[in-house]
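# Working through the structure, step by step
Here is how the chains run, residue by residue.
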Amino acid sequence: MYKDRDYDIIVIGAGHAGCEAALAASRMGFSTCLFTMNLDTIAQMSCNPAIGGLAKGHLVREIDALGGEMAKVTDKAGIQFRMLNQSKGPAVWSLRAQTDRVLYRLSMRRVLESQENLDIKQASVEKIIAEDDKINGVLTSLGIFYGARAVIVTTGTFLKGLIHIGLENFPAGRAGEFPSVGLSDSLREVGLKMGRLKTGTPPRLDAKTIDFSKTEPQWGDEPPQPFSYSTEKITNPQLPCYITYTNSETHKIILDSLDRSPLYSGRIKGIGPRYCPSIEDKIVRFSERERHQVFLEPEGLKTKEYYANGISTSLPYDVQVRLVRTIPGLEEAEIMRPGYAIEYDFVYPTQLRHSLETKIIDGLFLAGQINGTSGYEEAAAQGLMAGINAALKLQGRKPLILGRHEAYIGVLIDDLITKGTNEPYRMFTSRAEYRLLLRHDNADLRLMDKGCEVGLLDKAVYQRFWEKKRFIDEELQRLKKIRIKFDGSKVQEFKSLKDESLEQLLKRPEITYEFIEEYSPSDKSLTPEIKKQVEIQVKYDGYIIRQMEMAERLKKVEKKRIPEDFDYSSVSGLSKEILSKLNEVRPANLGQASRIPGVTPAAISLLMVAIERLKRERGERGNN
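In this text, all values refer to a predicted model and were calculated from it rather than measured experimentally.

Conventions adopted
Residues numbered from 1 in each chain as written. Predicted model: local features only at pLDDT ≥ 70, side-chain atom pairs only at ≥ 80, totals over all residues. Heavy atoms only, no water. Salt bridge = Lys/Arg side-chain N within 4 Å of Asp/Glu carboxyl O. Buried < 20%, exposed > 50% of the residue type's maximum accessible area, 1.4 Å probe, protein only. Helix = DSSP H or I, 4+ residues; strand = E, 2+ residues; numbered from the N terminus. Expected span 1.5 Å × (residues − 1). Contact = heavy atoms within 4.5 Å. Core = buried A, V, L, I, M, F, W, Y, C linked by side-chain atoms within 4.5 Å. Phe/Tyr/Trp six-rings, centres within 6.5 Å; stacked < 30°, edge-to-face > 60°. Lys NZ or Arg CZ within 6 Å of the ring centre and 35° of its normal.

## Focus: the pattern of salt bridges
- In total, this model carries 49 salt bridges according to the counting rule given.
- Measuring nitrogen to oxygen at the nearest pair gives 3.1 Å for the salt bridge that ties Lys3 to Asp6.
- Since its relative accessible area comes to 42%, Asp6 is described here as partly exposed.
- Beyond isolated ion pairs, a larger network of salt bridges with shared partners links Arg404, Asp414, Asp415, Lys419, Glu433, Glu558 and Arg595.

## Topic: unusual backbone geometry
- Cis geometry is adopted by the peptide bond preceding Pro223, which originates at Glu222 and carries an omega value of 0 degrees.
- With respect to the element layout, Pro223 can be found in the loop between strand E14 (216-218) and strand E15 (241-245).
- Residues other than glycine seldom take positive phi values, yet Asp132 does so here, at roughly 55 degrees.
- Looking at the secondary structure, you find Asp132 in the loop between strand E7 (125-131) and strand E8 (134-140).
- Judged by relative accessible area, which is 78%, Asp132 ranks as exposed.
- The phi dihedral of Lys160 is positive, around 50 degrees, even though this residue is not glycine.
- With respect to the helices and strands, Lys160 occurs in the loop between strand E9 (144-153) and strand E10 (162-165).
- Residue classification places Lys160 among the partly exposed residues on the basis of a relative accessible area of 27%.

## Observations concerning helix H10 (residues 408-419)
- In a regular helix each residue adds 1.5 Å, so twelve residues correspond to 16 Å; H10 covers 16 Å between its end C-alpha atoms and thus fits that length.
- The element H10 is extensively covered by neighbouring structure, given that eleven of its twelve residues are classed as buried.
- Within the sequence span of H10, burial applies to Tyr408, Ile409, Gly410, Val411, Leu412, Ile413, Asp414, Asp415, Leu416, Ile417 and Thr418.
- The elements touched by buried residues of H10 are helix H2 (56-66), helix H9 (376-395), helix H18 (576-585) and helix H19 (590-594).
- Two residues or fewer past H10, Gly420 is found with a positive phi of approximately 70 degrees.

## Some details on the nonpolar core
- Within the largest apolar cluster, 113 residues are counted, with the highest numbers of intra-cluster contacts made by Ile9, Ile10, Ile128, Val151, Ile388 and Ile409.
- Take this core: its biggest share by element is twelve residues, from H9.
- Counting residues in hydrophobic clusters, the runner-up holds 23 residues, among them Tyr242, Leu296, Ile311 and Leu323.

## Here we look at the environment of Val411
- Along the chain, Val411 falls in helix H10.
- Among residues more than four places away in sequence, those in contact with Val411 are Arg404, Tyr425, Met427, Arg431, Ala432 and Leu438.

## Considerations on the packing of aromatic side chains
- The final tally for this structure, using the stated rule, is eleven aromatic pairs.
- Relative to Trp466, the ring of Phe465 lies with its centre 5.9 Å away and its plane at 65 degrees, an arrangement referred to as edge-to-face.
- Among the aromatic residues, those joined into a cluster by ring pairs are Tyr7, Phe35 and Tyr146.
- Over the ring of Tyr425 we find Arg431, and its NZ or CZ is 4.1 Å from the ring centre.

No statement about biological role is implied by the geometric values presented.
Next up, the structure:
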């Protein structure tokens, strides 16, 4: 074994989680090394060429508010931006961007290579080195040892990855790349319990062979709204996506070929994503549906490759060709890359703390798909938090733990380590109890102070944030103070209003801020973003207050800490099932304990009494 050098923090894997983790750690002042099996695939978008979407867009905005990079790079590479769900309330608005796959990868690599305190090395890490349950470093396949005080593992689908196309399969981390075998065994050796998951991709098509006249074009918003608070304007040309549909002929080909599907022949053992099923799953599970939507998404500005979103499949290549050519507009389509399914190892996330540090190895953190999630955004959010918390640990500071009432990132991590998962976890707005507080538009108001506190937020961005916050507060106060004095036709229209404020008028469903501005404009130059924020806060004030009161009650429960060495078997009245779950998760507080599936309110009451008794006993012993 040859020792090269020591680092403060080592990050294994340069996908979306690894990039955020490495940038956070190095920006917080620690010598960091990012290991990747291939320098040319840093920040590769292995699946669809898009960032954001329902709830995922919230995650991207939160990453940006904390000082992460994904939103900025998306703005550099974005070729279509759409705000989804605008016909609904602001709690579920969410931005989605189509991106140039190559431009995204190169832009993120440029940021990484320019970052101080950060080295990037192409190597395959085969072993985690720990001594006395404390991380010591890593060993590569060439027998080179690198020391580290903290290690963050972000391996995506590479741990014993196995690709399936029809009844054929072969080891791979993703198409065209080697899997990581030794590292998976090493994680088991240090005591982590692991399982097997599956995901997949659709075929990629040649635009020269697509008849777009038979499809429905879908353009983005004009002007496009950026993801990052620091982006002033999107400068890339914007492209449309195209919509088409499967049909009965497509479905018949798939049903007739299920005996050649690895999903239905038993070849695939891993559990796939429930909310992003393959086209085989859709046809079988939703047999009553006459058609399924297919989005044709451009892979970039300088390529003819299109991603056929909606027909993810692992059927044999010849079946893929036939089913694609039954779809309107794709009758003569040529497949550039076939769809495939991939199985990979993951670590059951209940073995982690809220900081994403493992409970059994001090200084070992996990982030991304290794924790059972799916999606670039979920991975990047975990990577950012793991990088921050590894750095805070080395600084001797408390970890940054985001509550469920503070961020979707908090919901994501709490769900993973409290409830666990046996299928790829995907973020939805419905998972958040306080989603009116966790809106897409207010991520900066919720999290920029925290990003500044840990040292990741650019000073100029933070200054602009404070100015925006001040303008919002001042405008809200102005609307409270100014009383209504209409004249002419406006008196007739609002004659039921007597001595009411502009704020009370704006609460009316039919009144917009534009009307208020016309009647009584602010003497300050307010941006559209500030005006929208003011309108949302006024119109939803009652609902927001109610959710804040609920969040306060939650915080009181969360403050009731459970000692790390607490003996659950000492609590009389707990069932064996509840006892087993509590010992597996080892919740940090009563709030987390109450969210463990199967742990009843009665069990929480018993726990509360036992913990209070233990505190009194320890207090008495301390006084004697």
